[in-house]
Amino acid sequence: LEGLETGADAYIVNPFNLDILRRTIINLIHTYNMLRLKYGRNDQLEQKVEEVQMSSPDDKLLERIMTTINKNIGNAELSVDAIAEEVGISRVHLHRKMKELTGQTPHDFIRNIRLKQAANLLASQNMNITEVMYACGFNNSASFSTIFKKFYGMSPREYMNEQKEKSL
């Protein structure tokens with residue numbers, strides 16, 4: 001009970017039943033695969049950047065990470081170390097868990113969240129590209145444009161114009 005309360009995914013007493021062990025392993029693999037699919041490509045995070053509802057220990061960890069990123073989305077100084085400290089785990093553990101759950105390093109995960117937020121702001125057409133860049137924690141316009149183009153296949157200006165045409 002103490003192990004489960006501290007975040008263990010499963011606990012099996014000795015001597016154990018082989019059927020229970022198999023079912024536990026199958027359930028853990030299924031949960032891991034579902035989390036990996038859900039967060040691996042960030043497809044659904046576009047709508048959930050602010051509101052994330054989860055329950056398992058891994059989900060709670062991701063929720064704390066997302067809350068920290070959302071609070072600091074405009075802070076260009078946000079680092080993996082700062083997130084690890086805020087969440088209350090070591091940098092190495094954060095890296096391992098993020099890679100396990102999302103298939104991405106924490107640095108890549110932060111960058112992709114920032115790019116999704118930038119795309120949302122560009123699509124809203126209430127801000128210019130420079131304002132969006134700073135609001136999403138980027139300091140260098142050339143770097144922002146290059147990273148955005150690599151992620152979306154078009155420059156921020158092209159993306160903004162395409163979204164404008166879609167809204168007409």
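Predicted, not measured: the structure shown is a model, and the values here were computed from it.

**Regarding the environment of Phe148**
By the element assignment, Phe148 lies in helix H8 (residues 141-152). Residue classification places Phe148 among the buried positions, given a relative accessible area of 0%. Sequence separation between Phe148 and Tyr159 is 11 residues, and the spatial gap between their C-alpha atoms is 9.4 Å. With sequence-adjacent residues up to four places away left out, Phe148 is seen in contact with Leu115, Ala118, Ala119, Leu122, Gly153, Met154, Ser155, Pro156 and Tyr159.

**Looking at the pattern of salt bridges**
As enumerated under the stated definition, the model contains 8 salt bridges in all. In this structure, Arg96 and Glu100 form a salt bridge, with 3.8 Å as the shortest nitrogen-oxygen distance. Within this pair, Arg96 and its partner Glu100 are both found in helix H5 (residues 91-102), separated by 4 residues, close to a single helical turn. Relative accessible area serves as the criterion here: at 46%, Arg96 is assigned to the partly exposed category. On the basis of relative accessibility, which here comes to 26%, the residue Glu100 falls in the partly exposed class.

Conventions and cut-offs
- Residues numbered from 1 in each chain as written.
- Predicted model: local features only at pLDDT ≥ 70, side-chain atom pairs only at ≥ 80, totals over all residues.
- Heavy atoms only, no water.
- Helix = DSSP H or I, 4+ residues; strand = E, 2+ residues; numbered from the N terminus.
- Buried < 20%, exposed > 50% of the residue type's maximum accessible area, 1.4 Å probe, protein only.
- Contact = heavy atoms within 4.5 Å.
- Salt bridge = Lys/Arg side-chain N within 4 Å of Asp/Glu carboxyl O.

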